[in-house]
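Secondary and tertiary structure notes
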Amino acid sequence: MTPLESALGVTFHDAALLDLALSHRSWAFEAGGLATNERLEFLGDAVLGLVITDRVYGALPDAAEGRLAKLRAATVNTQSLAGVARELGLGSAVKLGRGEEQSGGRDKDSILADTLEAVIGAVYIDQGMDVASELVHRLFDNLVDELARSKDALDHKTSLQELSAAELQTLPSYELSEDGPDHEKRFTARAVVDGEVLGAGEGRSKKEAEQAAAREALAALAARVGVAEGR
(Lines give C-alpha, C1' and ligand atoms only; values in the text may rest on other atoms or scores of the structure.)
Protein backbone atom coordinates (compact mmCIF):
# COMPACT_ATOMS: atom_id res chain seq x y z
CA MET A 1 0.00 0.00 0.00
CA THR A 2 1.36 3.41 -0.98
CA PRO A 3 1.21 6.39 1.40
CA LEU A 4 -1.57 7.88 -0.73
CA GLU A 5 -3.61 4.67 -0.56
CA SER A 6 -3.17 4.71 3.22
CA ALA A 7 -4.44 8.28 3.36
CA LEU A 8 -7.39 7.41 1.12
CA GLY A 9 -8.20 4.23 2.99
CA VAL A 10 -8.36 2.41 -0.34
CA THR A 11 -6.04 -0.24 -1.74
CA PHE A 12 -6.22 -0.38 -5.53
CA HIS A 13 -6.65 -3.74 -7.26
CA ASP A 14 -5.21 -2.20 -10.42
CA ALA A 15 -2.20 -0.06 -9.46
CA ALA A 16 -1.99 1.24 -13.02
CA LEU A 17 -5.28 3.09 -12.52
CA LEU A 18 -3.90 5.05 -9.60
CA ASP A 19 -0.75 5.77 -11.59
CA LEU A 20 -2.88 7.12 -14.43
CA ALA A 21 -4.95 9.24 -12.04
CA LEU A 22 -1.74 10.94 -10.89
CA SER A 23 -0.45 11.64 -14.42
CA HIS A 24 -0.79 15.34 -15.13
CA ARG A 25 -0.78 16.34 -18.78
CA SER A 26 2.55 18.17 -18.38
CA TRP A 27 4.22 14.92 -17.37
CA ALA A 28 2.45 12.89 -20.06
CA PHE A 29 3.55 15.32 -22.77
CA GLU A 30 7.20 15.26 -21.69
CA ALA A 31 7.06 11.46 -21.46
CA GLY A 32 6.25 11.22 -25.14
CA GLY A 33 2.50 11.71 -25.32
CA LEU A 34 1.36 9.13 -22.79
CA ALA A 35 -2.20 9.06 -21.43
CA THR A 36 -3.20 11.79 -18.98
CA ASN A 37 -5.57 11.77 -16.03
CA GLU A 38 -8.12 14.00 -17.76
CA ARG A 39 -10.60 11.25 -18.65
CA LEU A 40 -10.53 10.00 -15.07
CA GLU A 41 -10.99 13.59 -13.87
CA PHE A 42 -14.11 13.87 -16.05
CA LEU A 43 -15.52 10.68 -14.54
CA GLY A 44 -14.54 11.56 -10.98
CA ASP A 45 -16.22 14.95 -11.28
CA ALA A 46 -19.51 13.20 -12.06
CA VAL A 47 -19.13 10.68 -9.22
CA LEU A 48 -18.24 13.44 -6.77
CA GLY A 49 -21.14 15.60 -7.93
CA LEU A 50 -23.68 12.83 -7.46
CA VAL A 51 -22.49 11.82 -3.99
CA ILE A 52 -22.25 15.39 -2.75
CA THR A 53 -25.66 16.28 -4.19
CA ASP A 54 -27.19 13.36 -2.29
CA ARG A 55 -25.33 14.38 0.89
CA VAL A 56 -26.41 18.01 0.61
CA TYR A 57 -30.01 17.01 -0.09
CA GLY A 58 -30.05 14.99 3.11
CA ALA A 59 -28.18 17.57 5.18
CA LEU A 60 -30.72 20.34 4.51
CA PRO A 61 -34.13 18.64 4.27
CA ASP A 62 -36.07 21.90 4.36
CA ALA A 63 -33.81 24.03 2.16
CA ALA A 64 -34.87 25.46 -1.19
CA GLU A 65 -33.11 24.44 -4.41
CA GLY A 66 -31.05 27.63 -4.50
CA ARG A 67 -29.47 27.01 -1.11
CA LEU A 68 -28.80 23.38 -1.96
CA ALA A 69 -27.04 24.46 -5.14
CA LYS A 70 -24.89 26.97 -3.24
CA LEU A 71 -23.91 24.40 -0.64
CA ARG A 72 -22.97 21.88 -3.31
CA ALA A 73 -20.96 24.48 -5.23
CA ALA A 74 -19.12 25.56 -2.08
CA THR A 75 -18.25 21.95 -1.31
CA VAL A 76 -16.86 21.01 -4.72
CA ASN A 77 -15.23 24.24 -5.87
CA THR A 78 -11.55 24.30 -6.72
CA GLN A 79 -10.45 25.69 -3.37
CA SER A 80 -12.41 23.12 -1.36
CA LEU A 81 -11.10 20.24 -3.46
CA ALA A 82 -7.55 21.53 -3.19
CA GLY A 83 -7.88 21.76 0.58
CA VAL A 84 -8.97 18.13 0.81
CA ALA A 85 -6.15 17.14 -1.55
CA ARG A 86 -3.59 18.88 0.68
CA GLU A 87 -4.87 17.01 3.72
CA LEU A 88 -4.24 13.77 1.81
CA GLY A 89 -0.74 14.83 0.78
CA LEU A 90 -1.79 14.42 -2.83
CA GLY A 91 0.62 17.05 -4.14
CA SER A 92 3.66 14.94 -3.39
CA ALA A 93 2.26 12.05 -5.45
CA VAL A 94 1.31 13.92 -8.63
CA LYS A 95 3.46 13.24 -11.69
CA LEU A 96 4.37 16.62 -13.17
CA GLY A 97 6.46 17.86 -16.05
CA ARG A 98 9.58 19.90 -15.33
CA GLY A 99 7.90 23.21 -16.08
CA GLU A 100 4.98 22.63 -13.72
CA GLU A 101 7.34 21.27 -11.09
CA GLN A 102 9.47 24.41 -11.20
CA SER A 103 6.46 26.72 -11.10
CA GLY A 104 5.09 25.17 -7.90
CA GLY A 105 2.55 22.89 -9.54
CA ARG A 106 2.43 20.53 -6.59
CA ASP A 107 0.59 23.18 -4.59
CA LYS A 108 -1.55 24.72 -7.32
CA ASP A 109 -5.24 24.60 -6.47
CA SER A 110 -6.26 23.68 -10.00
CA ILE A 111 -3.84 20.74 -10.29
CA LEU A 112 -4.71 19.42 -6.83
CA ALA A 113 -8.45 19.68 -7.47
CA ASP A 114 -8.26 18.00 -10.86
CA THR A 115 -6.05 15.21 -9.55
CA LEU A 116 -8.36 14.51 -6.63
CA GLU A 117 -11.27 14.13 -9.05
CA ALA A 118 -9.16 11.80 -11.18
CA VAL A 119 -8.37 9.68 -8.13
CA ILE A 120 -12.07 9.46 -7.27
CA GLY A 121 -12.76 8.39 -10.85
CA ALA A 122 -10.05 5.74 -10.60
CA VAL A 123 -11.54 4.39 -7.35
CA TYR A 124 -14.93 4.17 -9.05
CA ILE A 125 -13.53 2.11 -11.94
CA ASP A 126 -11.36 -0.04 -9.70
CA GLN A 127 -13.85 -0.84 -6.95
CA GLY A 128 -17.28 0.45 -7.89
CA MET A 129 -19.72 3.08 -6.75
CA ASP A 130 -20.10 1.88 -3.17
CA VAL A 131 -16.40 2.22 -2.36
CA ALA A 132 -16.14 5.51 -4.29
CA SER A 133 -19.14 6.87 -2.40
CA GLU A 134 -17.66 5.82 0.95
CA LEU A 135 -14.44 7.62 0.03
CA VAL A 136 -16.25 10.83 -0.90
CA HIS A 137 -18.20 10.73 2.36
CA ARG A 138 -15.01 10.26 4.40
CA LEU A 139 -13.33 13.15 2.64
CA PHE A 140 -16.20 15.63 2.43
CA ASP A 141 -18.93 15.00 5.01
CA ASN A 142 -17.35 17.23 7.66
CA LEU A 143 -16.94 20.02 5.12
CA VAL A 144 -20.59 19.74 4.06
CA ASP A 145 -21.69 19.96 7.69
CA GLU A 146 -19.44 22.94 8.35
CA LEU A 147 -20.70 24.84 5.31
CA ALA A 148 -24.32 23.94 6.04
CA ARG A 149 -24.02 25.61 9.46
CA SER A 150 -22.66 28.81 7.95
CA LYS A 151 -25.09 30.64 5.72
CA ASP A 152 -22.60 33.36 4.81
CA ALA A 153 -19.95 30.85 3.76
CA LEU A 154 -22.11 29.91 0.79
CA ASP A 155 -22.21 33.34 -0.82
CA HIS A 156 -19.05 35.34 -0.24
CA LYS A 157 -19.90 37.84 -2.97
CA THR A 158 -23.10 38.93 -1.23
CA SER A 159 -21.39 39.12 2.15
CA LEU A 160 -18.54 41.18 0.71
CA GLN A 161 -20.99 43.53 -1.01
CA GLU A 162 -22.93 44.08 2.20
CA LEU A 163 -19.84 44.71 4.32
CA SER A 164 -18.26 46.98 1.73
CA ALA A 165 -21.43 49.04 1.40
CA ALA A 166 -21.88 49.36 5.16
CA GLU A 167 -18.29 50.23 6.04
CA LEU A 168 -16.96 52.02 2.96
CA GLN A 169 -20.10 53.16 1.13
CA THR A 170 -18.85 51.48 -2.02
CA LEU A 171 -19.38 48.21 -3.87
CA PRO A 172 -16.73 45.67 -4.91
CA SER A 173 -15.86 44.96 -8.52
CA TYR A 174 -14.11 42.01 -10.14
CA GLU A 175 -11.30 41.76 -12.68
CA LEU A 176 -11.37 38.51 -14.66
CA SER A 177 -8.83 36.70 -16.80
CA GLU A 178 -8.85 33.23 -18.34
CA ASP A 179 -6.46 30.73 -19.84
CA GLY A 180 -6.45 27.19 -21.17
CA PRO A 181 -8.22 25.55 -24.11
CA ASP A 182 -11.96 25.95 -24.61
CA HIS A 183 -12.76 22.55 -23.11
CA GLU A 184 -10.70 23.24 -19.99
CA LYS A 185 -10.86 26.94 -19.24
CA ARG A 186 -9.39 28.29 -16.02
CA PHE A 187 -10.57 31.62 -14.67
CA THR A 188 -8.80 33.97 -12.30
CA ALA A 189 -10.62 36.79 -10.51
CA ARG A 190 -9.45 39.71 -8.41
CA ALA A 191 -11.84 41.42 -5.99
CA VAL A 192 -11.35 45.18 -5.97
CA VAL A 193 -12.75 47.18 -3.05
CA ASP A 194 -12.45 50.96 -2.98
CA GLY A 195 -9.76 50.81 -5.68
CA GLU A 196 -7.66 48.17 -3.91
CA VAL A 197 -7.30 44.49 -4.74
CA LEU A 198 -8.21 42.66 -1.52
CA GLY A 199 -8.59 39.14 -2.79
CA ALA A 200 -7.83 36.79 -5.66
CA GLY A 201 -9.10 33.36 -6.59
CA GLU A 202 -9.32 30.86 -9.39
CA GLY A 203 -11.92 28.38 -10.58
CA ARG A 204 -13.34 26.42 -13.44
CA SER A 205 -16.02 29.04 -14.04
CA LYS A 206 -16.21 32.81 -13.72
CA LYS A 207 -18.65 32.48 -10.84
CA GLU A 208 -16.39 30.09 -8.93
CA ALA A 209 -13.36 32.33 -9.39
CA GLU A 210 -15.28 35.41 -8.23
CA GLN A 211 -16.57 33.59 -5.14
CA ALA A 212 -13.02 32.53 -4.27
CA ALA A 213 -11.75 36.09 -4.68
CA ALA A 214 -14.66 37.45 -2.64
CA ARG A 215 -13.94 35.00 0.17
CA GLU A 216 -10.37 36.24 0.47
CA ALA A 217 -11.41 39.88 0.17
CA LEU A 218 -14.14 39.44 2.78
CA ALA A 219 -11.66 38.12 5.32
CA ALA A 220 -9.26 40.97 4.59
CA LEU A 221 -11.92 43.67 4.80
CA ALA A 222 -13.45 42.24 7.95
CA ALA A 223 -10.07 42.20 9.65
CA ARG A 224 -9.38 45.76 8.52
CA VAL A 225 -12.62 47.26 9.79
CA GLY A 226 -12.68 45.11 12.91
CA VAL A 227 -15.91 43.19 12.49
CA ALA A 228 -16.79 39.52 12.23
CA GLU A 229 -17.30 38.12 8.75
CA GLY A 230 -20.94 37.85 7.78
CA ARG A 231 -22.03 39.88 10.79
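Now for a look at the structure at hand.

Moving on, we get to the overall build of the chain. Counting secondary structure elements, the chain contains 10 helices and three strands. Ordering the α and β elements of the chain from the N terminus gives α-α-α-α-α-α-α-α-α-β-β-β-α. Taking 17 Å as the expected radius of gyration for a compact globule of 231 residues, we find that the chain reaches 19 Å, a close match to that expectation. Principal axes of the C-alpha set define a box for the chain whose edges measure 60 × 45 × 30 Å. Expressed as a percentage of its 231 residues, the buried residues of the chain come to 44%. The long-range fraction of contacts in the chain, counting pairs at least 24 apart against all pairs at least 6 apart in sequence, stands at 58%. Accessible surface computed for the chain: about 11,700 Å², of which carbon and sulfur atoms make up 51%. Of the charged side chains in the chain, 24 are positive and 39 negative; the average position of the first set lies 3 Å away from that of the second.

Membership of the largest hydrophobic core comes to 45 residues, with the highest contact counts inside it found for Leu48, Ile52, Leu90, Leu116, Val119 and Phe140. When contributions to this core are tallied by element, the ones reaching two or more residues are helix 1 (3-8), helix 2 (15-21), helix 4 (38-59), helix 5 (65-76), helix 6 (78-88) and helix 8 (109-149). Ranked by residue count, the leading element in this core is helix 8, at 18 residues. In this structure, Leu116 is in contact with Leu81, Val84, Ala85, Leu88, Leu90, Leu139 and Phe140, ignoring residues within four places of it in sequence. In this structure, Leu163, Ala213, Ala217 and Leu218 belong to the second largest nonpolar core, which totals 14 residues.

All right, on to unusual backbone geometry then. In this structure, Gln169 takes a positive phi of about 55° despite not being glycine. Relative to the helices and strands, Gln169 is located in the loop between helix 9 (156-168) and strand 1 (173-179). You can call Gln169 exposed: its relative accessible area is 63%. In this structure, Asp194 is a non-glycine residue whose phi angle is positive, near 55°.

Turning to the environment of Ala93, a few remarks are in order. Within the fold, Ala93 resides in the loop between helix 6 and helix 7 (98-102). On the basis of relative accessible area, Ala93 is assigned to the partly exposed category, the value being 25%. Each C-alpha atom, one on Ala93 and one on Ala191, is 33 Å from the other, the two residues being 98 residues apart in sequence. Setting aside residues up to four positions removed in sequence, Ala93 forms contacts with Leu4, Leu22 and Arg106.

About the criteria used
Residues numbered from 1 in each chain as written. Predicted model: local features only at pLDDT ≥ 70, side-chain atom pairs only at ≥ 80, totals over all residues. Heavy atoms only, no water. Helix = DSSP H or I, 4+ residues; strand = E, 2+ residues; numbered from the N terminus. Rg over C-alpha atoms; globule rule 2.2 N^0.38 Å. Buried < 20%, exposed > 50% of the residue type's maximum accessible area, 1.4 Å probe, protein only. Contact = heavy atoms within 4.5 Å. Areas by Shrake-Rupley, 256 points an atom, 1.4 Å probe, with all protein chains shown as cover. Lys, Arg positive; Asp, Glu negative; His and termini not counted. Charge placed at Lys NZ, Arg CZ, Asp CG, Glu CD. Core = buried A, V, L, I, M, F, W, Y, C linked by side-chain atoms within 4.5 Å.

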